[in-house]
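Structure assessment
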Amino acid sequence: ELIVSMNVVHAAERAGVTHLVHTSVDRAGEQASFVGWGRNFGHYYRMYWLAKSGAIDIVKASNLPYWTIFKPAFIMEDFIPPMVTSSFPTLKKGVIATAIRSDTKMSLITVEDQAKLITEAFSAPEKFDRKEIPLAGDRLTLGEVAGIITEVTCKAVKSVSLTGEEFRQNADVVAAFHEVFGEHAEEPLA
């Protein structure tokens, strides 16, 4: 991601682009404050967060006249196909299994709401210049999300909060990750 970000920024500078809008992820750059960052974060997740914050640093260091960084929260569409397959592979069995505490409120946004804000930024670069903007429309626990999915689909869905170790050892989770990621299934679970 860092090389791609660097190439995009340099290409934009050479092409005379006046406004670069970069989308990242909510809390990118704050990872050192995450619970367990120093000891319980697997290599895959550590690299994900470092790449996201590094890409932001590349945009901020650019010579572009205007830049804006949007940090969308969790995308609501990750709970429906096709993304659900890799985001929540156990959902097809009616379970949202995560290592997220059951009382954690997740910040969520739809792709449509995100697109509206990005369109507005392109329409008014001065208003959004040099801003890092977190994007969220709702704050829900995964239990609340499961309740909404149950209500909308009329299929029972529950949320299960596992410890990191339980998550990595859960047979359904491991099988689902193998189905989605194949030989690389261990990387997100490590």
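The structure under discussion appears in the preceding block.
Figured I'd write up the structure that's included with this text. (Residues numbered from 1 in each chain as written. Predicted model: local features only at pLDDT ≥ 70, side-chain atom pairs only at ≥ 80, totals over all residues. Heavy atoms only, no water.)

1. What about the nonpolar core?
- If you look at the biggest cluster of nonpolar residues, it comprises 14 residues, and the most contacted ones within it are Val 9, Leu 20, Ala 28, Trp 49, Val 59 and Ile 69.
- Per-element accounting of this core gives the leading share, 4 residues, to helix 2 (residues 43-60).
- In terms of nonpolar packing, the next biggest core, distinct from the first, is built from 13 residues, Phe 79, Phe 88, Ile 96 and Val 145 among them. (Core = buried A, V, L, I, M, F, W, Y, C linked by side-chain atoms within 4.5 Å. Buried < 20%, exposed > 50% of the residue type's maximum accessible area, 1.4 Å probe, protein only. Helix = DSSP H or I, 4+ residues; strand = E, 2+ residues; numbered from the N terminus.)

2. A look at the sheet that holds strand 3 (residues 74-75)
- An order of 3-5-7 is seen for the 3 strands of this open sheet, with the pairing classed as mixed. Only two strands of the sheet have a single neighbouring strand rather than two, namely strand 3 and strand 7 (138-140).
- Sheet topology note: the strand 3/strand 5 (residues 106-109) ladder contains 2 bridges and is parallel. Of the residues in strand 5, the one forming a bridge with Ile 75 is Ile 109.
- Lying on the sheet, helix 6 (residues 142-153) is in contact with strand 5 and strand 7; it crosses strand 7 at an angle near 105 degrees. (Pairing = 2+ DSSP bridges. Contact = heavy atoms within 4.5 Å. Axes fitted to C-alpha atoms, helices over the stretch in contact; angles between N-to-C directions.)

3. Focus: the sheet that holds strand 1 (residues 19-23)
- Ordered by their spatial adjacency, 3 strands build an open sheet running 1-2-6, and the pairing between neighbours is parallel. Either end of the sheet is taken by a strand with one partner, and the two such strands are strand 1 and strand 6 (131-135). Neighbour-to-neighbour, the strand axes of this sheet turn through a mean angle of 20 degrees, independent of strand direction.
- Across 5 bridges, strand 2 (residues 66-72) lies against strand 6 in parallel orientation. Bridge pairing links Thr 68 to Lys 131 in strand 6.
- Strands strand 1, strand 2 and strand 6 of the sheet are contacted by helix 2, whose axis makes an angle of about 160 degrees with strand 2.

4. Details of the pairing of strand 4 (residues 95-98)
- Residues Val 95 and Ala 97 of strand 4 are buried on one face, and the alternating residues Ile 96 and Thr 98, pointing to the opposite face, are buried as well.
- Relative to strand 8 (residues 158-161), strand 4 is paired through 4 bridges, and the arrangement is parallel. By the bridge assignment, Ala 97 is partnered in strand 8 with Val 160.

5. Digging into helix 2
- Taking 1.5 Å of rise per residue, 18 residues should cover 26 Å, and helix 2 covers 26 Å from first to last C-alpha, within 8% of that figure.
- Of all the residues in helix 2, the buried ones are Trp 49, Ala 51, Lys 52, Ser 53, Gly 54, Ala 55, Ile 56, Ile 58 and Val 59. (Expected span 1.5 Å × (residues − 1).)

6. Re the environment of Gln 169
- With respect to the element layout, Gln 169 can be found in helix 7 (residues 164-169).
- Separated by 97 residues in sequence, Gln 169 and Pro 72 place their C-alpha atoms 30 Å apart.

7. Some points on the side chain of His 22
- Among the secondary structure elements, His 22 is positioned in strand 1.
- The residues touching His 22, leaving out its near neighbours within four places in the chain, are Ala 55, Ile 56, Val 59, Thr 68, Ile 69 and Phe 70.

8. Considerations on the packing of aromatic side chains
- This structure, assessed with the given rule, holds 7 aromatic pairs.
- Sitting over the ring of Trp 37, Arg 46 keeps its end group 4.4 Å from the ring centre. (Phe/Tyr/Trp six-rings, centres within 6.5 Å; stacked < 30°, edge-to-face > 60°. Lys NZ or Arg CZ within 6 Å of the ring centre and 35° of its normal.)

9. Topic: the environment of Phe 122
- Within the secondary structure layout, Phe 122 lies in helix 4 (residues 111-123).
- Looking at Phe 122, the relative accessible area reads 47%, which means it is partly exposed.
- Separated by 83 residues in sequence, Phe 122 and Arg 39 have C-alpha atoms that sit 40 Å apart.
- If we skip the residues at most four places from it in the chain, Phe 122 touches His 19 and Val 21.

10. Description of the packing of helix 1 (residues 2-15) against helix 2
- Interhelical geometry of helix 1 versus helix 2 gives an angle of 15 degrees and a closest axis separation of 9 Å. Relative to helix 2, the element helix 1 is oriented roughly parallel. Crossing angle aside, the handedness with which helix 1 passes helix 2 is right-handed. Facing helix 1, whose interface residues are Leu 2, Ser 5, Met 6 and Val 9, helix 2 presents Ala 51, Gly 54, Ala 55, Ile 58 and Val 59. (Parallel < 35°, antiparallel > 145°, perpendicular 65-115°, else oblique. Left-handed = near helix turned anticlockwise from the far one by under 90°.)

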